[in-house]
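A structural walkthrough
Below are the chains, spelled out letter by letter.
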Amino acid sequence: MKALVCKTWGLPETLAIEQMADPVAGPRQAVIRVHAAGVNFPDVLVIQNKYQFTPTLPFVPGSECAGVVESIGEDVTQLKPGDRVIAVVESGAFAEKLRADVGALTPLPAGIDFVTGSAFLLAYGTAYHALHARAALCEGETLLVLGASGGVGLAAIEIGKALGARVIAAASSEKKRAICREHGADEAIDYTAADLKKMLAALTAGRGVDVVFDPVGGPFTEVALRSCAWRARHLIIGFANGEIPRVPANLTLLKGCALVGVFWGRYVRSEPTAWARDLQTLFLWLGQGRLRPRVQMRYPLERGAQALAALLARQVSGKLVITPLSQ
Ligand SMILES: NC(=O)c1ccc[n+]([C@@H]2O[C@H](COP(=O)([O-])OP(=O)(O)OC[C@H]3O[C@@H](n4cnc5c(N)ncnc54)[C@H](OP(=O)(O)O)[C@@H]3O)[C@@H](O)[C@H]2O)c1
């Protein structure tokens with residue numbers, strides 16, 4: 001099989017297409033023929049050895065894909081060859097075939113294509129867990145989404161609207177803000193403007209926002225925290241900005257508000273029953289058209305490194321998808 005391989009830590013241009021032996025399923029594993037693999041921000045961190053875990057070199061990056069079960073190992077009863085699935089894994093998805101533990105696989109509902117399936121679970125799973133379980137976002141509350149045109153950002157806008165909130169989307173260009181409005185944002189602002197705090201005060205009649213969805217970090221975290229309402233919840237999702245912020249703890253006291261950490265991958269492993277309930281809601285809303293994953297562009301495997309480079313260069317609204325079976 002062909003795969004996109006990381007042989008040395010570095011930027012996407014250091015990735016290479018290689019021919020590798022086909023994977024074989026071990027006990028409680030399956031081999032998936034990968035039709036589509038979604039690109040996520042952690043993929044560009046992992047190849048630079050800047051993520052939470054360090055794979056052994058060489059390795060195939062890629063943490064999310066959709067495809068068809070080609071073979072199964074011993075002790076697999078819940079799946080059979082030919083089944084359509086989504087896989088969420090630590091690595092290995094940017095290849096024609098992926099070997100995965102059966103626990104990492106979710107059946108792909110009928111009527112949902114592979115490209116959509118590969119661009120859905122990680123972003124929408126994170127946004128739903130954050131807004132529903134961690135923030136308890138209520139109807140009528142105001143939600144501020146930073147980095148709102150990114151993968152998890154657009155998902156947070158749509159889920160915020162589905163939960164009945166008023167959504168303020170913050171993005172760095174007018175083109176990105178227009179996409180946020182298309183996906184349901186009530187307001188769209190430039191969060192790189194110097195007067196962000198004033199803008200948020202004006203949009204909330206001085207009250208502040210009830211929930212912040214923050215996948216960006218850096219200096220924006222403190223400005224957003226200072227723009228929170230009494231009893232707000234500020235969700236720490238990630239640090240796309242590259243800087244892990246330090247914020248004055250007294251701000252949480254003054255506003256009676258909470259800084260809330262969100263780690264979707266750990267949640268899925270630690271609370272499988274709750275995650276199964278989330279999946280039902282997410283697939284229901286996807287089927288009803290309330291959630292509309294935006295795939296900006298598809299890349300053949302040979303150009304997969306360019307997809308990772310585009311994400312790193314902040315050129316993406318929604319998701320990019322690598323399609324290993326296309327020529
Ligand atoms: N906690 C969890 O469980 C969890 C799960 C999934 C993802 N995450 C994290 O969430 C973050 C976003 O992931 P994603 O897949 O949505 O990424 P993405 O699609 O690349 O979106 C990130 C957004 O951040 C903004 N940004 C600001 N400064 C940036 C910079 N220096 N470089 C790149 N982007 C920058 C960009 O919007 P503007 O150009 O408009 O500023 C961009 O749209 C990542 O840190 C990721 O690790 C966390």
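Look up a bit, the structure's there.
On a predicted model such as this, the values are computed, not experimentally measured, just so you know.

Turning to the overall build of the protein, a few remarks are in order. A tally of helices and strands in the protein yields eleven helices and 15 strands. The globule rule puts the C-alpha radius of gyration for 327 residues at 20 Å, and the 20 Å found for the protein is close to it. Dimensions of the protein, computed from the C-alpha atoms along their principal axes, are close to 60 × 40 × 35 Å. Burial analysis of the protein (327 residues in total) assigns 54% to the buried set. The long-range fraction of contacts in the protein, counting pairs at least 24 apart against all pairs at least 6 apart in sequence, stands at 68%.

One finds Leu131, Leu143, Ile157, Ile159, Phe213 and Leu235 to be the most contacted residues of the largest nonpolar core, which totals 53 residues. Of all the elements, helix H3 (residues 121-134) adds the most residues to this core, at eight residues. Excluding its chain neighbours within four sequence positions, the residues that come into contact with Ile157 are Val145, Ala148, Val167, Ala169, Cys180, His183, Gly184 and Ala185. Judged by nonpolar contacts, the second largest core, of 41 residues, contains Cys6, Leu98, Ala100 and Leu320.

The next thing to look at is the pattern of salt bridges. Summed over all chains, the structure comprises 15 salt bridges. Across the pair Asp83 and Lys80 runs a salt bridge whose closest N-O atoms are separated by 2.9 Å. Of the residues examined, Asp83 reaches a relative accessible area of 18% and is grouped as buried. Notably, a salt bridge pairs Arg226 with Glu222, separated by 2.8 Å at the nearest N-O pair. Separated by four residues within a single helix, Arg226 and Glu222 lie in helix H7 (residues 220-226), roughly one turn from each other. We classify Glu222 as partly exposed; its relative accessible area is 24%. Beyond isolated ion pairs, a larger network of salt bridges with shared partners links Glu174, Arg177, Arg181 and Asp190.

Now for the sheet that holds strand S12 (residues 228-236). Overall, parallel pairing links the six strands, which are arranged S10-S9-S8-S11-S12-S13 in an open sheet. Among the strands making up the open sheet, the edge pair consists of strand S10 (187-189) and strand S13 (258-261). With direction set aside, neighbouring strand axes in the sheet form an average angle of 20 degrees. Taken together, the three bridges between strand S9 (residues 166-170) and S10 define a ladder with parallel strand orientation. Of the residues in S10, the one forming a bridge with Ala170 is Ile189. Helix H6 (residues 196-203) rests against strand S8 (142-145), S9, S10 and strand S11 (209-214) of the sheet, and its axis sits at about 165 degrees to S10.

What follows concerns helix H5 (residues 174-182). Along H5, the residues classified as buried are Lys176, Arg177, Ile179 and Cys180. End-on view of H5: buried residues confined to an arc of 155 degrees, all on one side of the axis. More than 90 degrees from the buried face of H5, the exposed residues found are Lys175 and Glu182. Positive phi appears at Gly184, one or two residues downstream of H5, with a value of about 115 degrees.

Our next topic: the site of the ligand. The environment of the ligand is formed by 24 residues, the closest being Ser172, Lys176, Tyr191, Val262 and Trp264. Val152 has a polar backbone atom sitting 2.9 Å from an oxygen atom of the ligand. At a separation of 2.9 Å, an oxygen atom of the ligand approaches a polar side-chain atom of Arg314. Relative to its unbound accessible surface of 910 Å², the ligand loses 91% to contact with the protein. Per-class residue counts for the shell around the ligand are 15 nonpolar, seven polar and two charged.

One number sums up the size of the second largest pocket: a volume of about 250 Å³. The wall of the second largest pocket is formed by 13 residues, among which Met1, Met20, Val60, Gly92 and Arg99 lie closest to the centre. When the residues that make up the lining of the second largest pocket are grouped by side-chain class, the tally is eight nonpolar, two polar and three charged.

What follows covers empty space enclosed by the protein. In total, this model carries one cavity of 30 Å³ or more according to the counting rule given. Approximately 30 Å³ is the volume attributed to the largest cavity. Residue lining of the largest cavity: Tyr124, Gly151, Leu154, Ala155, Pro293, Arg294, Gly318 and Lys319, and that is the complete set. The leading source of residues in the lining of the largest cavity is helix H4 (residues 151-162), at three residues. Taken together, the residues of the lining of the largest cavity break down into four nonpolar, two polar and two charged.

Another aspect to go through is the packing of aromatic side chains. The final tally for this structure, using the stated rule, is seven aromatic pairs. Judged by centre distance (5.8 Å) and plane angle (25 degrees), the ring pair of Phe120 and Phe283 falls under stacked. Here Phe120 is found in the loop between helix H2 (114-118) and H3, whereas its partner Phe283 is found in helix H10 (residues 272-287), with 163 residues between them in sequence. Of the two residues, Phe120 and Phe283, neither departs from the other in class, the shared state being buried. An aromatic cluster is built from Phe120, Tyr124 and Phe283, whose rings are joined through pairwise contacts. Here the basic side chain of Arg84 rests over the ring of Phe114, its NZ or CZ set 5.1 Å away from the ring centre.

Calculation rules
One numbering rule holds for all chains: residues counted from 1, following each sequence as written. Predicted model: local features are reported for residues with pLDDT of at least 70 only, side-chain atom pairs are reported and counted for 80 or more only, and whole-chain, interface and lining totals are derived from all residues. The basis for every side-chain value is the complete set of heavy atoms in the structure, and neither hydrogens nor water enter the calculation. Elements are defined by DSSP. Helices are runs of H or I of four residues or more, strands are runs of E of two residues or more, and each kind is numbered from the N terminus. In this treatment the radius of gyration is a C-alpha quantity, and the globule benchmark scales as 2.2 Å times the residue count to the 0.38 power. When accessible area is computed with a 1.4 Å probe and restricted to protein chains, residues below 20% of their type maximum are described as buried, those above 50% as exposed, and intermediate ones as partly exposed. Contacts were defined at the residue level, with two residues in contact if any of their heavy atoms lie within 4.5 Å. For our purposes a nonpolar core is just a set of buried Ala, Val, Leu, Ile, Met, Phe, Trp, Tyr and Cys residues, chained together by side-chain atoms within 4.5 Å. We define a salt bridge as a contact between a side-chain nitrogen of Lys or Arg and a carboxyl oxygen of Asp or Glu at a distance within 4 Å. Here, strands pair whenever DSSP counts at least two bridges between them. Here the axes come from fitting lines to C-alpha atoms, over the contacting stretch only for helices, and the angles between their N-to-C directions go from 0 to 180 degrees. Think of the arc as the fan of directions from the helix axis to the C-beta atoms. Being near a molecule or strand, for a residue, comes down to having at least one heavy atom within 4 Å of it. Distance and chemistry together define a polar contact, namely a pair of N or O atoms within 3.5 Å, with one atom able to donate a hydrogen and the other to accept it when in protein, and with adjacent residues in sequence counting only for side-chain atoms on both sides. Here the open area of atoms and residues is found with the Shrake-Rupley method and a 1.4 Å probe, where only the protein chains shown may cover a residue. Basically, the charged four are Asp, Glu, Lys and Arg, the nonpolar ten are Ala, Val, Leu, Ile, Met, Phe, Trp, Tyr, Cys and Pro, and anything else, Gly included, counts as polar. Cavities and pockets are defined on a 1 Å grid built over the protein atoms alone: a cavity is a set of grid points where a 1.4 Å probe fits but cannot escape, while a pocket is an open set with protein on both sides within 12 Å along at least five of seven lines, and lining residues are those with an atom within 4 Å of any such point. Grid points are joined across faces, edges and corners, and a volume is the space filled by probe spheres set on the points. Aromatic rings from Phe, Tyr and Trp, with only the six-membered ring used for Trp, were paired whenever their centres fell within 6.5 Å, and each pair was classed as stacked if the ring planes differed by under 30 degrees, edge-to-face if by over 60, and tilted otherwise. Criterion for a charge above a ring: Arg CZ or Lys NZ at most 6 Å from the ring centre, at most 35 degrees from the ring normal.

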